[in-house]
Amino acid sequence: MSQPAADIHYTQDEMMTVTAARQLRDGAVCFVGIGLPSAACNLARELHAPNLVLIYESGTVGTKPRVLPLSIGDGELAETAEVVIPLPEIFTHYLQAGRVDLGFLGAAQIDRFGNLNSTVIGAYDDPKVRLPGAGGAPEIATHASSVLVIMRMSPKSFVSELGFRTSSGFLGGRGERAARGYPGRGPQAVITDFGVLRPHPDSDELVLTDIYPGVDPAAAVAACGWPLQVAEQLQLLAPPTATELAQLRALNERTRIAHATPVKIHLAPNSSNAV
């Protein structure tokens, strides 16, 4: 990687995406969601992890998209995948069989023990907001060897108590996840727009361990809905390098152009639906 340049401007999203990409090792099998998780994984694949195996929830395995997908049903994923298999087999033969190294998730809310909510805000029977729902996140959070989460911090998203627990992190903490026999290790890092939170080895509570350049730890504490603990030896994360930013911006620009181009469907001349 190139050395960081002091005069390079970058956005919060770029800092988050680069930080997340740095967590991914070459050769890992990663079950990935759409959005910033997908951007981070594909950036890592272009930079330092060319053998990263990406699985999306549409049954695509080993996909290598040139542009970021709009959804798990984006044709780019199937067109660039090593194989497309039925979704039940993804969960049975890959995830539940222990063949997924990393689950990469986002959510609407997270609590101090890394439990996630993507179902409702407010009472389940009369919610203030109805969210997209669970999808495969509960299984990924349970069975992936490790989990990464990427979310922007605010008191509304980092909450003291979830209205609904969609996906389990460390449950009530202090070893409860392991005691209940969950096969995966749970969330090992939560990448935010302030820095990175990691579970305390004894309590399992998320602690601010890494901070971005120019960020005051007090600002992160203020953006959290519980009394966020700060590590005694807070690590300063390196800003994005010129190479990382160039690759990420090129990926985003390719994606912008691709998504702005109208889709053309070519029908056979003898098709009854030809127009």
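Residues numbered from 1 in each chain as written. Predicted model: local features only at pLDDT ≥ 70, side-chain atom pairs only at ≥ 80, totals over all residues. Heavy atoms only, no water.

Things to note about helix α2 (residues 36-47)
Its 12 residues give α2 an end-to-end C-alpha distance of 16 Å, which sits within 8% of 16 Å, the value for a rise of 1.5 Å per residue. With 10 of 12 residues buried, α2 lies mostly within the body of the structure. Within α2, burial applies to L36, P37, S38, A39, A40, C41, N42, L43, A44 and R45. Contacts from the buried residues of α2 go to α1 (12-22), β1 (29-32), β2 (53-55), β5 (102-105), β10 (146-150) and α8 (242-260). (Helix = DSSP H or I, 4+ residues; strand = E, 2+ residues; numbered from the N terminus. Expected span 1.5 Å × (residues − 1). Buried < 20%, exposed > 50% of the residue type's maximum accessible area, 1.4 Å probe, protein only. Contact = heavy atoms within 4.5 Å.)

Comments concerning the nonpolar core
Judged by nonpolar contacts, the single largest core of 32 residues is most densely connected at F31, I110, M153, F158, L197 and L228. Within the residue set of this core, elements represented by two or more residues are β1, α4 (87-95), α5 (137-143), β10 and β13 (206-211). Those residues within four positions of F31 in sequence are excluded, and the remaining contacts are I55, Y56, E57, I90, F91, L95, V100, L102, G103, F104 and I140. By size, the runner-up hydrophobic cluster in this structure holds 29 residues, among which are L24, Y56, L77 and L248. (Core = buried A, V, L, I, M, F, W, Y, C linked by side-chain atoms within 4.5 Å.)

A closer look at the packing of α1 against α8
Packing of α1 against α8 brings their axes to within 11 Å, and their N-to-C directions diverge by 105 degrees. Judged by the angle between their axes, α1 and α8 are roughly perpendicular. Of α8, the residues touching α1 (which contributes E14, T17, V18 and R22) are E244, L245, L248 and R249. By residue class, the composition of the contact of α1 with α8 is three nonpolar, one polar and four charged. (Axes fitted to C-alpha atoms, helices over the stretch in contact; angles between N-to-C directions. Parallel < 35°, antiparallel > 145°, perpendicular 65-115°, else oblique. Nonpolar A, V, L, I, M, F, W, Y, C, P; charged D, E, K, R; others polar.)

Notes on the side chain of S118
Mapped onto the elements, S118 comes out in the loop between β7 (116-117) and β8 (120-122). Excluding residues within four positions of it along the chain, S118 makes contact with L131, P132, G133, A134 and T166.

Examining a nonpolar patch on the surface
On the surface, a nonpolar cluster with roughly 360 Å² of combined accessible area is contributed by V263, I265 and L267. Mapped onto the elements of the fold, L267 is located in the segment after α8. We classify L267 as partly exposed; its relative accessible area is 44%. (Patch = residues over 30% accessible without salt bridge, like charges linked within 9 Å, V, L, I, M, F, W, Y side chains within 5 Å. Areas by Shrake-Rupley, 256 points an atom, 1.4 Å probe, with all protein chains shown as cover. Salt bridge = Lys/Arg side-chain N within 4 Å of Asp/Glu carboxyl O.)

Some remarks on the packing of aromatic side chains
Per the counting criterion, the structure on display carries three aromatic pairs. Each ring, one from Y124 and one from F164, has its centre 5.4 Å from the other, and the planes form 25 degrees; the classification is stacked. Linking Y124 in the loop between β8 and β9 (127-130) with F164 in the loop between β10 and α6 (176-179), this pair joins segments that are 40 residues apart in sequence. One Lys or Arg, R130, reaches over the ring of Y124 and ends 5.3 Å from the middle of that ring. (Phe/Tyr/Trp six-rings, centres within 6.5 Å; stacked < 30°, edge-to-face > 60°. Lys NZ or Arg CZ within 6 Å of the ring centre and 35° of its normal.)

Let's talk about the environment of R22
As for its placement among the helices and strands, R22 is situated in helix α1. Along the primary structure R22 and S38 are separated by 16 residues, whereas in three dimensions their C-alpha atoms are 13 Å apart. When near neighbours in sequence (up to four residues on either side) are disregarded, R22 contacts M15, H48, A238, P239, P240, T241 and E244. Among the polar contacts listed, one links the side chain of R22 to the backbone oxygen of P239, at a separation of 3.0 Å. (Polar contact = N/O pair within 3.5 Å; in protein donor to acceptor, adjacent residues only side chain to side chain.)

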